[in-house]
Amino acid sequence: QVQLVESGGGLVQAGGSLRLSCTASVKISGIATVGWYRQPPGKQRELVASIGRVGNTNYADSVKGRFTISRDNAKNTVYLQMDSLKPEETAVYYCNARGGASVFSMYDYWGQGTQVTVSS
């Protein structure tokens, strides 16, 4: 029964930076994949970046070279460092935890989200 808490959102000017944090109620080493998603106003939710147990990472093409996902196992926290932010990246950013070794033990949890607003 994983609970995820996001923080670090806020208002930033275009070209600025923010670091988002996602803290889990369980050891993140037990979570198969932690991902960051975002949902701009009036649009669908999309994957931004994800990180697996062994540290493998995946990024949306639009954020490669600007965003970095990382993990601190001691703090049960996953970070998303966002640099050179663009106004179109204004969105609610959500943390997601997925995994499970079988169909009956699979899980898919979401945090409440944190608002990121990039002004022009």
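Up top you'll find the structure we're talking about.
How each quantity is defined
Residues numbered from 1 in each chain as written. Predicted model: local features only at pLDDT ≥ 70, side-chain atom pairs only at ≥ 80, totals over all residues. Heavy atoms only, no water. Helix = DSSP H or I, 4+ residues; strand = E, 2+ residues; numbered from the N terminus. Buried < 20%, exposed > 50% of the residue type's maximum accessible area, 1.4 Å probe, protein only. Polar contact = N/O pair within 3.5 Å; in protein donor to acceptor, adjacent residues only side chain to side chain. Contact = heavy atoms within 4.5 Å. Patch = residues over 30% accessible without salt bridge, like charges linked within 9 Å, V, L, I, M, F, W, Y side chains within 5 Å. Areas by Shrake-Rupley, 256 points an atom, 1.4 Å probe, with all protein chains shown as cover. Salt bridge = Lys/Arg side-chain N within 4 Å of Asp/Glu carboxyl O.

**Looking at the side chain of Arg38**
Inference 1: Mapped onto the elements, Arg38 comes out in strand 4 (residues 33-39).
Inference 2: Of the residues examined, Arg38 reaches a relative accessible area of 6% and is grouped as buried.
Inference 3: Only 3.4 Å separates the side chain of Arg38 from the side chain of Glu89, close enough to count as a polar contact.
Inference 4: Separated by 3.1 Å, the side chains of Arg38 and Tyr93 make a polar contact.
Inference 5: When neighbours within four sequence positions are excluded, Arg38 is seen to be in contact with Gln44, Arg45, Glu46, Val48, Ser62, Val63, Phe67, Glu89, Ala91, Val92 and Tyr93.

**Observations concerning a nonpolar patch on the surface**
Inference 1: Together, Val103, Phe104 and Met106 line one region of the surface with nonpolar side chains, adding up to about 430 Å² of accessible area.
Inference 2: By the secondary structure assignment, Met106 is in the loop between strand 9 (91-99) and strand 10 (107-110).
Inference 3: Given a relative accessible area of 56%, Met106 falls into the exposed group.

**Looking at the pattern of salt bridges**
Inference 1: For the coordinates displayed, the defined rule picks out four salt bridges.
Inference 2: When the shortest N-O distance is used, the salt bridge between Arg38 and Glu89 registers 3.4 Å. Taken as a pair, Arg38 in strand 4 and Glu89 in the loop between strand 8 (77-82) and strand 9 lie far apart in primary sequence, 51 residues in all.
Inference 3: For the salt bridge of Asp61 with Lys64, the shortest nitrogen-to-oxygen distance reads 3.2 Å.
Inference 4: The network of salt bridges with common partners includes Arg38, Glu46, Arg66 and Glu89.

Nothing here speaks to function; it is geometry throughout.
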